[in-house]
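Chains, contacts and geometry: an overview
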Amino acid sequence: MSSTIPPVPAVERMLALFEPERRPAGGLLEDGYLDLLGEEDPTGAHPGQRLMLSGALALIYERLWRPLGGRLLMGATGPGIDEEYRIALRMLELSPKDRVLDVACGPGNFTRGFARAARAGLVVGLDASKTMLAVAVQETESANLVYMRGDACALPFRDASFNAICCFAALYLIQEPMRALDEISRVLAPGGRVALLSSCNRGPLPARTTNAVVRRLSGVRIFARDELTQALSDRGLTAIEQNVVGLAQFVSARRPS
Ligand SMILES: C[S@@+](CC[C@H](N)C(=O)[O-])C[C@H]1O[C@@H](n2cnc3c(N)ncnc32)[C@H](O)[C@@H]1O
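One structure accompanies this document, and this report is about it. (Residues numbered from 1 in each chain as written. Predicted model: local features only at pLDDT ≥ 70, side-chain atom pairs only at ≥ 80, totals over all residues. Heavy atoms only, no water.)

1. Digging into the packing of aromatic side chains
By the definition in use, this model includes five aromatic pairs. With 6.3 Å between their ring centres and 25° between their planes, Tyr85 and Phe114 make a pair best called stacked. Of this pair, Tyr85 sits in helix H4 (residues 81-92) while Phe114 sits in helix H5 (residues 111-117), placing them 29 residues apart in sequence. Note on Tyr85: relative accessible area 22%, which makes it partly exposed. (Phe/Tyr/Trp six-rings, centres within 6.5 Å; stacked < 30°, edge-to-face > 60°. Helix = DSSP H or I, 4+ residues; strand = E, 2+ residues; numbered from the N terminus. Buried < 20%, exposed > 50% of the residue type's maximum accessible area, 1.4 Å probe, protein only.)

2. A few points about the site of the ligand
Around the ligand sit 21 residues, and of these Tyr61, Arg66, Asp127, Ala152 and Phe168 come closest. Between the ligand and the protein, one listed contact pairs an oxygen atom with a side-chain N or O atom of Tyr61 at 2.6 Å. At 2.6 Å, a side-chain N or O of Asp127 approaches an oxygen atom of the ligand. Considered on its own, the ligand offers 600 Å² of accessible surface; in the complex 98% of this is hidden by protein. Of the residues contributing to the shell around the ligand, the split by class is 13 nonpolar, five polar and three charged. (Near = heavy atom within 4 Å. Polar contact = N/O pair within 3.5 Å; in protein donor to acceptor, adjacent residues only side chain to side chain. Areas by Shrake-Rupley, 256 points an atom, 1.4 Å probe, with all protein chains shown as cover. Nonpolar A, V, L, I, M, F, W, Y, C, P; charged D, E, K, R; others polar.)

3. Quick word on the sheet that holds strand E1 (residues 34-35)
Judged by pairing direction, the sheet is mixed, and its eight strands sit side by side in the order E1-E4-E3-E2-E5-E6-E8-E7 without closing on themselves. Every interior strand has two partners, whereas the edge strands, E1 and strand E7 (238-245), have only one. In this sheet, strand E6 (residues 188-199) lies alongside strand E5 (residues 162-168) in parallel orientation, the contact comprising six bridges. Among the inter-strand pairings, Ala164 is bridged to a residue of E6, identified as Arg193. Here H4 sits on the sheet and contacts E5, E6 and strand E8 (248-254); the angle it forms with E6, its principal contact strand, is near 150°. (Pairing = 2+ DSSP bridges. Contact = heavy atoms within 4.5 Å. Axes fitted to C-alpha atoms, helices over the stretch in contact; angles between N-to-C directions.)

4. What about the pairing of E7?
Pairing geometry for E7 and E8, over six bridges, is antiparallel. The residue bridging Glu241 from the neighbouring strand is Ser252, located in E8. Counting the residues in the hairpin turn of E7 and E8 gives two residues, including Gly246, whose phi is positive at 60°.

Pasting the structure below:
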């Protein structure tokens, strides 16, 4: 008689990556995702940041808001969403068995594709917004994909837990982006890849000036041209590549093996 071992559920595989003291006691996946924040909200007070918690935005985010935002940031000739996804895959060099973390995953618009690419691996989508995650879990179809509500600046995972980490269209909204980068590099395994998409200062004004104005009006942080590449280098990452498109930058890097 042949016996088959049932696959370990994705949530169990994710919990195995947690720092022991960060493992939650109960309430697992009550809403379809693991909630580590409860009443806590790390997203910041600016209206642009609060918007990410709105139920209405979560519903139109993937089909309307995000494609439009990409156009505004990268211009009419910049990559559309499908091309952005291909860029992410290229930068992350996903293999079927990879453990992948999508930081600030929103409604899972890229996370779902990563789960198809790393089909024998594990994909974790992390975001702080309940409304974004509510949409993400509705769209989930892969057994290797799990969502959690957490803070990008205080990841619960052990060092070197992931082979690939994506953080698209989010560092500019995160309250303390350098702390998020600390965490991303900490949980990246040797040989692991990181892919970022964020804002980039262009034009005659220094980033400090542009950032002061844009941040006050929109809540979006404008990074200086070498700010993210330098931050990754300072955290020991190598093979850093930057591609500036319009007011955005794609940045990829690797933790040395
Ligand atoms: C514009 S969405 C990006 C979604 C997706 N990555 C994309 O490229 O379309 C930014 C996300 O960052 C999340 N976010 C902001 N601050 C966060 C934090 N401290 N921890 C986790 N997620 C955060 C928001 O909730 C929002 O869903």
